[in-house]
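Here's the letter readout for the chains.
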Amino acid sequence: MSFKSFGLNLLFPIHCLGCQQEGIWLCSVCFQKLKFNNQQYQQLNTPHLTQIFIAGDYRDPLLAKLIKKFKYNFIQSLGPLLAQFLIIFWRDLNFNFSANFRHPDQQTDSSTVENILPCLVPIPLSKKRERWRGFNQSVILAQGLAKTFQYPLQQELIRKKQGKTQVSLNKQERLQNIRDAFVWTGDSLLGKTILLIDDLTTTGATLNEAARVLKIAGANKVYGLVLAKG
Ligand SMILES: [Zn+2]
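Keep in mind it's a predicted model, so treat the numbers as computed, not measured.

Asker: Explain the packing of aromatic side chains to me, using residue names and the numbers behind them.
Answerer: Each aromatic ring pair is specified by the distance between its two centres and by the angle formed by the two planes. As enumerated under the stated definition, the model contains 13 aromatic pairs in all. For the ring pair Phe-36 and Phe-85, a centre distance of 4.4 Å and an interplane angle of 5° mean the geometry is stacked. Residue Phe-36 is located in the loop between helix H2 (28-33) and strand E1 (51-56), and its partner Phe-85 is located in helix H4 (residues 79-93); the two are separated by 49 residues in the primary sequence. Under the relative-accessibility criterion, Phe-85 is labelled buried at 0%. One aromatic cluster is present, formed by Phe-53, Trp-90, Phe-95, Phe-97 and Tyr-223 through successive ring pairs.

Here you go:
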């Protein structure tokens, strides 16, 4: 433990968010109790996405608490733990991209096969918001997945404007607020399968807008993977 974190622990002692055990944000016993979402294929109004996978159940108070601490209390060290939750969900889901893969028009040669495995694209924050928070929660989640599943991680999706926080907005306002928020600055995504990563989704508006931009950049299919539906 570094001197700094030792000092912080004295000021703000860490307790398991499940059982209050000292010195840890979540003990292994409580981790086992986190609820996975049993309804895996939820349909939101997101025409630019093929599917959104939702790992956890936000009605699980422990999971909700973890996500809030991670996101709003800037507890970066919860990132790997939540990434682990996402990894277990994704591993057990064992989703078969090739069964869902359709070759883009005119391209039927075998070179497109390499495009079946997804590229991970985390939903970006604006520079300003990321500086303020100190990290991007979606990047931490995506890094965990990339390492475990050997999917390439691409961070060339940029957020031009953060807009207001979506929480207080209704569905129509969310769509307006997020419109043209993203730009793809990487190479062409022609024929590629993309797995967008975010911590939470509510209406799917953010994921859908990001997917729209990635499709314009050439993406064949865009999926979303999130911790929970808020
Ligand atoms: Zn515990």
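Asker: Can you break down the coordination of the zinc ion residue by residue, with the values?
Answerer: At this site the zinc ion is bound by Cys-16 (SG), Cys-19 (SG), Cys-27 (SG) and Cys-30 (SG), with donor distances of 2.3 to 2.4 Å. Around the zinc ion sit four donor atoms; with metal-centred angles ranging over 102 to 118°, the donor geometry is tetrahedral. Expressed as a motif, the donor residue spacing for the zinc ion is C-x2-C-x7-C-x2-C. In this pair, Cys-19 sits in the loop between helix H1 (3-11) and H2 while Cys-30 sits in helix H2, placing the two residues 11 residues apart along the sequence. Assessed through its relative accessible area of 3%, Cys-30 is described here as buried.

Asker: So what's going on with unusual backbone geometry? Which residues, and what values?
Answerer: A positive phi angle, close to 50°, is found at Asn-94, a residue other than glycine. Relative to the assigned elements, Asn-94 resides in the loop between H4 and helix H5 (97-100). The phi dihedral of Asp-180 falls on the positive side, at around 60°, and the residue is not glycine.

Asker: Which residues make up the packing of helix H3 (residues 61-72) against H4, and what are the values?
Answerer: Each pair of packed helices gets described by two things: the angle between the helix axes and the distance between those axes. Interhelical geometry of H3 versus H4 gives an angle of 135° and a closest axis separation of 10 Å. Our classification of the angle between H3 and H4 gives oblique. The chirality of how H3 crosses H4 is left-handed. Between H3 and H4, the residues in contact are Leu-63, Leu-66, Ile-67 and Phe-70 and Gly-79, Leu-82 and Phe-85, respectively. The residue makeup of the contact of H3 with H4, split by class, is six nonpolar, one polar and no charged.

Asker: Go over the sheet that holds E1, please, and point to the residues and values.
Answerer: Taken in spatial order, the four strands line up as E1-E6-E5-E2 in an open sheet, and their pairing is parallel. On the outer flanks of this sheet lie E1 and strand E2 (119-122), each paired with one strand and no other. Each strand of the sheet is rotated relative to its neighbour by a mean of 25°, with strand direction disregarded. Together, E2, strand E5 (193-201) and strand E6 (221-229) form the strand contacts of helix H7 (residues 137-149), whose direction differs from that of E5 by roughly 130°.

Asker: Can you tell me about the nonpolar core, naming the residues and giving the values?
Answerer: Soluble globular proteins tend to bury their nonpolar side chains together. Grouped together as the largest cluster of nonpolar side chains are 47 residues, with contacts concentrated most on Leu-26, Phe-53, Trp-90, Leu-145, Ile-197 and Leu-225. Residue assignment for this core shows that the elements contributing at least two residues are H2, E1, H3, H4, H7, E5 and E6. Per-element accounting of this core gives the leading share, 10 residues, to H4. Summarising the domain contributions, this core has at least three residues from each of domain 1 (1-33) and domain 2 (36-229). In this structure, Ile-54, Leu-157, Val-213 and Val-226 belong to the second largest nonpolar core, which totals 25 residues.

Criteria and cut-off values
- Residues numbered from 1 in each chain as written.
- Predicted model: local features only at pLDDT ≥ 70, side-chain atom pairs only at ≥ 80, totals over all residues.
- Heavy atoms only, no water.
- Phe/Tyr/Trp six-rings, centres within 6.5 Å; stacked < 30°, edge-to-face > 60°.
- Helix = DSSP H or I, 4+ residues; strand = E, 2+ residues; numbered from the N terminus.
- Buried < 20%, exposed > 50% of the residue type's maximum accessible area, 1.4 Å probe, protein only.
- Donors = N, O, S within 2.8 Å, 3.2 Å for Na, K, Ca; no water.
- Tetrahedral: all angles 85-135°; square planar, octahedral: opposite > 155°, others 65-115°.
- Axes fitted to C-alpha atoms, helices over the stretch in contact; angles between N-to-C directions.
- Parallel < 35°, antiparallel > 145°, perpendicular 65-115°, else oblique.
- Left-handed = near helix turned anticlockwise from the far one by under 90°.
- Contact = heavy atoms within 4.5 Å.
- Nonpolar A, V, L, I, M, F, W, Y, C, P; charged D, E, K, R; others polar.
- Pairing = 2+ DSSP bridges.
- Core = buried A, V, L, I, M, F, W, Y, C linked by side-chain atoms within 4.5 Å.
- Domains from an automatic or database assignment.

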